[in-house]
Each structure stands twice: as C-alpha cells, then as structure tokens.
Protein chains: 2
Amino acid sequence: MKVEAVLSPAEPLPGGYAAALVVDVIRATTTAAYLLQAGAGELLLTGELEEARKLAAARGALLAGERGGLPPAGFDLGNSPREAARLDLQGRTVVMTTTNGTRAALRAAEVVGEVALGALVNAGAAVRWAAGFDSLLLVAAGRGGRLALDDAYAIGAIVAGLQEVGELKAGDQARLALELARADARAILKASAAGRALEPVGLADDVDFCARRDALRLLPVLKGREKGALVFAGAVF
Amino acid sequence: MKVEAVLSPAEPLPGGYAAALVVDVIRATTTAAYLLQAGAGELLLTGELEEARKLAAARGALLAGERGGLPPAGFDLGNSPREAARLDLQGRTVVMTTTNGTRAALRAAEVVGEVALGALVNAGAAVRWAAGFDSLLLVAAGRGGRLALDDAYAIGAIVAGLQEVGELKAGDQARLALELARADARAILKASAAGRALEPVGLADDVDFCARRDALRLLPVLKGREKGALVFAGAVF
C-alpha cells in the first residue's frame, strides 16, 4: 500500500491517491466523530460562517464550530468533543465550520474521491477503512497555515496501524509521522501549540479527551456534497 | 532559548529570530562545509545558473552545484561532499548553486540577520554557534517544495544538542524534529527520498558521508552579500 502524508497545510495536495484521511485531532475531526456518534444523521462541513448559518437555517440543522477556539455568535455548539459526547442528536443534522480542519477537508475533497475524517479516538477505525484502498493520503489540518505537532502525531498513529495490516510504501512525511508515533499521545498533545491554546479558554480537558486511542469505532466518511459543503455520515469499522 | 523550525519550504519564514540555521543535509549544506574545510576562503551561494556562471567568471572562482543531482554543464564541481573532502581549495573562491538548499539560504537571509549552514557532519559546531543567541530558527531546505525526512532529522539532532546546553522554549516543529532525532541517522537518511534519489545516479555513498555526526568543527557562517549572492566563510566552533 502506498502511503504519504502532507503534514503542512502550506503544501499543495498531490493527486493520484485513492483515499484521503483528514486529521485535525485538536479538535475538529475528534468532535466530528462524536457529533455523529451522538446520533446526528449527517454532518455538513463548510468553510465560511455565513455559508454555515444559511445552510443550517435552510436545513433546520444545528450549528457547531469555532473561531479562535470558541463558538461564534448564534452557534448551538462549539468544537468540543467532550460537549458533543454528552448530547443526544438522534435525527438531527449538524452544520460545522472550524478554522483549520474544515479547510483541510475541503482541500482533500478537491483532489481525492474517497475522504474520511480521522483522529486518535477512532484511529483503529480509520486504519480499517483505509486498508480497503491501495493508496492513501493523510492530510494534516495544521494550525494557522503551519505544520502542527498534534496532527502529525495522530497521522503517525494511523500509519503505525496500517503497518501492522500490511507492507507500506511510505513517503518521507508518512515515515516522519511514524517515528513521532513512538512518543506518548497525551504528552505530545499537551505540548502542542493547539493543546496549549486551549488552557486559557478553559478547555484544557478537551486535550485529554482527544488523546484517547480507539474510544470509538465510528468514522465520519464523505457521502456527498451540498451547496459547496461536504456531507459526512458515520460508518462503523 | 526560543527555538522553532520551519520543516516545510512551502511555509513562510517567521520574523523575530536572532539567528537562523539552514539545513539541506543531503547534500548542499554538508558539501558547503567540506568546500570551506578544503580551504576555500569564501563560498558564494546564488539561486540561478546564469548568475552563478557570471559571478564565477568575474571572481575567477570555481563553480559547484547541481541540477537533478548532477553538475550542470561547465561546472568544475558537483554537490558531493565526498568529492569536496578530497580537494585542496586553499586560496580559492567557490560559487555554488543547488536546487533546494540555495533557495532556503536566500529565504532565511531575507528575514534573519545571522545565518549559518548546518548539517549532521557539523551538528555540534552548529549547536555551539547557535547557543550564543537567544532565539534560533531552523530552516529545512526540503525537496521539491515539500518537507524532507533527512532535513527534519538533522534539525532534530541540532535541537537535541541545544537541549543539552540549556532550557528550550521549543515550538511544534522543533519538538517534532526532536522526537525524530531518537532514530538512527544512517537508517533515516537512507530511507529518505533524497537518499534514495542518489542511488540511480551512482552517488549512494554520499548518503553515509552525510550521516556522519560531528566529523567537522567548521560551520559556514554568512559574512556578507555580493550582487544577490550570499557570501559564507568557515568558522570553527
């Protein structure tokens, strides 16, 4: 299996991959998994705030996401996986927009047909999904247009899982991430800029929540598009 | 000491650092060290082939460098550190241009005042030079506009050395590189795309040469500019 990562959001995404896993471990792709686990039928990812508000109004959907780590005005939910895990969203649709993760998902969907959102809480499910393809691109959301330690770590954990399934032909960035995955998840996530940024806004506990390996078997998988938004549904692997 | 790395050449270089170390371990910054160790008084780095040819003609200098890993037409020397180590360049000036490393050095010199070229062969010297500043930016040359495993590893080795000297305030990318530095130098360099690319052109032995830690105490340090080129001289640390 051919595996490569693009760890910096400043790099263009290469074509020629059958599937892509988008990773924004602190916190968008972790939260996305919990919103679907909480029962939401569909999760619509969209780039702009106004687009998200219009889409939610048209669909009678809940609005989730963040700017600067906190929920924008009028949003029903933030970008906290701990919050999402406590909800019952049975039968609801959620429209979500975040600073880095949403943009990464939109970019990945431009160049790759099969897209899912991966994190540490569903790293095993991500591996089982990805193992069905002959090539995989791992796309890190990063932070402010730069490589982020937490996303590189989670990508490494997924590459390590794939290595147990079969032989990998891994590029430079997938290999780098794999070396990083030997470190401790909590220590790395706590040390990352994304992890440290949650402390002053009182959301430091979210970091431990994001660091829990394989808490879920659900993976958000792209099933279609709606007015520029990506539509994800939960699938169990 | 504040330390951060920019591992992907696609990311802009941040300002606010006292010093920058540019790393293109396979092979430009390793070769640069050996050209100065061989006795060259000055090493001029320049971006374009024609610019390099003109500068060398004007200065009576030797021309060194590569395009696609091999010396361009009319060049006296390639970009091989093994070749450079066998030369006597006493009293000579060398004009050098390479695909990735030269560009990284030119970018670093735009935003940071004090610039040196670091590699594994002079990692200790790079650490001793950098320890004299209160902030350091490590700039990876990468490969074809993307993050390269070999440069990230060498940067990690330098960050590890700095950690032994004093307390570091390290950003995400410096921390990532530090984790990578636990791996074996030869194994990482051999596995990297840059290392693998040297095999078909018969230069695989250069990779082992680039992997030798602290073979030199010489560091190429920026001492001025000349018609758009960066002028480096060797300093012992």
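Everything below is about the structure shown above.
Note that this is a predicted model, so its numbers are computed, not measured.

**Structural notes on the interface of chain B and chain A**
Step number 1: Listed per partner, the contact involves 28 residues of chain B and 28 residues of chain A.
Step number 2: Across the chain B to chain A interface the summed buried area is about 2000 Å²; carbon plus sulfur atoms make up 57%.
Step number 3: Contact with chain A buries area across many residues of chain B, yet Arg146, Asp172 and Leu176 of chain B alone supply 32% of it, more than any other trio.
Step number 4: The interface formed by chain B and chain A includes four salt bridges.
Step number 5: Contributing elements (two or more residues each) for the side of chain B that touches chain A: helix H6 (149-165), helix H7 (172-180), helix H8 (185-191) and helix H9 (193-197) of chain B.
Step number 6: Of the residues forming the side of chain B that touches chain A, the biggest block, six residues, is contributed by H7 of chain B.
Step number 7: Looking at the side of chain B that touches chain A, its residues break down into 17 nonpolar, four polar and seven charged.

**Section: the nonpolar core**
Step number 1: Ranked by internal contacts, the top residues of the largest apolar core, which has 176 residues, are Leu189 of chain A together with Leu189 of chain B.
Step number 2: With residues near it in sequence (within four places) discarded, Leu189 of chain B still touches Val25, Ile26, Leu120, Asp150, Tyr153, Gly195, Val207, Cys210 and Ala211 of chain B.

**Details of the environment of Leu117 of chain A**
Residue and element names in this part refer to chain A.
Step number 1: By secondary structure assignment, the location of Leu117 is in strand E6 (residues 114-118).
Step number 2: Overall, the relative accessible area of 1% leaves Leu117 in the buried class.
Step number 3: In this structure, the C-alpha to C-alpha distance between Leu117 and Ala18, residues 99 residues apart in sequence, is 15 Å.
Step number 4: In contact with Leu117, not counting residues within four places along its chain, are Leu21, Val22, Thr29, Ala32, Leu45, Ala105, Asn122, Leu219, Pro220 and Phe232.

**A word on the packing of helix H5 (residues 123-130) of chain B against H6 of chain B**
Residue and element names in this part refer to chain B.
Step number 1: Taken N-terminus to C-terminus, the directions of H5 and H6 make an angle of 50 degrees; their axes are 9 Å apart at the nearest point. The orientation of H5 relative to H6 falls into the category oblique. Regarding H5 and H6, the two cross each other, and that crossing is right-handed. Along its contact with H5, which presents Ala123, Ala126, Val127 and Ala130, the element H6 presents Ile158, Gly161, Leu162 and Val165.
Step number 2: Tallied by class, the residues present in the contact of H5 with H6 amount to seven nonpolar, one polar and no charged.

**Thoughts on the side chain of Ser8 of chain A**
Step number 1: Examined against the element boundaries, Ser8 of chain A turns out to sit in the loop between strand E1 (2-6) and strand E2 (19-23).
Step number 2: Taking relative accessible area as the criterion, Ser8 of chain A reaches 1% and is therefore assigned buried.
Step number 3: Those residues in contact with Ser8 of chain A that sit more than four places away from it in its chain are Gly145, Leu147 and Gln173 of chain A together with Ser8 and Glu11 of chain B.

**Concerning the pattern of salt bridges**
Residue and element names in this part refer to chain A.
Step number 1: According to the stated counting rule, one finds 26 salt bridges over all chains in the structure shown.
Step number 2: Here Glu42 and Arg59 are joined by a salt bridge, their closest N and O atoms 2.7 Å apart. Of this pair, Glu42 sits in strand E3 (residues 42-45) while Arg59 sits in helix H2 (residues 49-59), placing them 17 residues apart in sequence.
Step number 3: Judged by its relative accessible area of 17%, Glu42 is buried.

**Structural notes on the relation of the copies chain B and chain A**
Step number 1: Each copy of the sequence occupies a distinct position, and chain B is placed on chain A by a rotation of 180 degrees and an axial shift of 0.0 Å, giving an RMSD of 0.0 Å. Viewed as a symmetry operation, the transformation between the two copies matches a two-fold axis. Minimal C-alpha separation from the rotation axis in chain B is found for Ala10 of chain B, amounting to 2.7 Å.
Step number 2: When the interface residues of chain B are mapped onto chain A, 100% of them again lie at the interface, so the same face is used by both copies.

**What about the packing of aromatic side chains?**
Step number 1: Counted by the stated rule, this structure contains four aromatic pairs over all chains.
Step number 2: Ring centres of Trp129 of chain A and Phe133 of chain A lie 5.0 Å apart, and the angle between their planes is 65 degrees; on these two criteria the pair is classed as edge-to-face.
Step number 3: Exposure remark for Phe133 of chain A: the relative accessible area of 21% places this residue in the partly exposed category.
Step number 4: Positioned above the aromatic ring of Tyr17 of chain A, the side-chain terminus of Lys2 of chain A is 4.4 Å from the ring centre.
Step number 5: The ring of Phe209 of chain B has Arg212 of chain B lying over it, and the distance from NZ or CZ to the ring centre is 3.9 Å.

**Section: the environment of Asp88 of chain B**
Residue and element names in this part refer to chain B.
Step number 1: Its place among the elements puts Asp88 in the loop between helix H3 (81-85) and strand E5 (93-97).
Step number 2: Judged by relative accessible area, which is 61%, Asp88 ranks as exposed.
Step number 3: For the pair Asp88 and Ala40, spaced 48 residues apart in the sequence, the C-alpha separation amounts to 8.1 Å.
Step number 4: In this structure the side chain of Asp88 is engaged in a polar contact, spanning 3.0 Å, whose partner is the backbone nitrogen of Gln90.

**Remarks on the pairing of strand E10 (residues 229-236) of chain B**
Residues and elements named next belong to chain B.
Step number 1: Note: strand E3 (residues 42-45) against E10, three bridges, orientation antiparallel. Residue Leu45 lies in a different strand from E10, and its bridge partner there is Leu230.
Step number 2: The pairing of strand E9 (residues 218-226) with E10 spans eight bridges and is classified as antiparallel. Opposite Arg225, over in E10, you have Leu230 as the bridge partner.

**As for the side chain of Thr30 of chain B**
Step number 1: Position of Thr30 of chain B among the secondary structure elements: in helix H1 (residues 28-37).
Step number 2: There is a polar contact of 2.7 Å between the side chain of Thr30 of chain B and the backbone oxygen of Val25 of chain B.

**Some thoughts on the packing of helix H6 (residues 149-165) of chain A against helix H7 (residues 172-180) of chain A**
Residues and elements named next belong to chain A.
Step number 1: The contact between H6 and H7 brings their axes to 7 Å, and the two run at 95 degrees. Classified by the angle between their axes, H6 and H7 sit roughly perpendicular to one another. Mapping the contact onto sequence places Leu149, Ala152, Tyr153, Ile155, Gly156, Val159, Ala160 and Gln163 in H6 and Ala174, Ala177, Leu178 and Leu180 in H7.
Step number 2: Looking at side-chain class alone, the contact of H6 with H7 contains ten nonpolar, two polar and no charged residues.

**Notes on the pairing of strand E5 (residues 93-97) of chain A**
Residue and element names in this part refer to chain A.
Step number 1: For E5, a buried count of five out of five residues is recorded, marking the element as mostly surrounded by other parts of the structure.
Step number 2: The two faces of E5 match: Thr93, Val95 and Thr97 on one face and Val94 and Met96 on the other face are all buried.
Step number 3: Relative to E5, E3 is paired through four bridges, and the arrangement is parallel. Across the sheet, residue Glu42 finds its bridge partner in E5, namely Thr93.
Step number 4: By the bridge criterion, four bridges tie strand E4 (residues 62-65) to E5 in an arrangement that is parallel.

Rules used throughout
Residues numbered from 1 in each chain as written. Chains lettered and ligands numbered in written order. Predicted model: local features only at pLDDT ≥ 70, side-chain atom pairs only at ≥ 80, totals over all residues. Heavy atoms only, no water. Contact = heavy atoms within 4.5 Å. Buried area = accessible area lost by both parts, 1.4 Å probe. Salt bridge = Lys/Arg side-chain N within 4 Å of Asp/Glu carboxyl O. Helix = DSSP H or I, 4+ residues; strand = E, 2+ residues; numbered from the N terminus. Nonpolar A, V, L, I, M, F, W, Y, C, P; charged D, E, K, R; others polar. Core = buried A, V, L, I, M, F, W, Y, C linked by side-chain atoms within 4.5 Å. Buried < 20%, exposed > 50% of the residue type's maximum accessible area, 1.4 Å probe, protein only. Axes fitted to C-alpha atoms, helices over the stretch in contact; angles between N-to-C directions. Parallel < 35°, antiparallel > 145°, perpendicular 65-115°, else oblique. Left-handed = near helix turned anticlockwise from the far one by under 90°. Least-squares fit on C-alpha atoms with pLDDT ≥ 70 in both. Phe/Tyr/Trp six-rings, centres within 6.5 Å; stacked < 30°, edge-to-face > 60°. Lys NZ or Arg CZ within 6 Å of the ring centre and 35° of its normal. Polar contact = N/O pair within 3.5 Å; in protein donor to acceptor, adjacent residues only side chain to side chain. Pairing = 2+ DSSP bridges.

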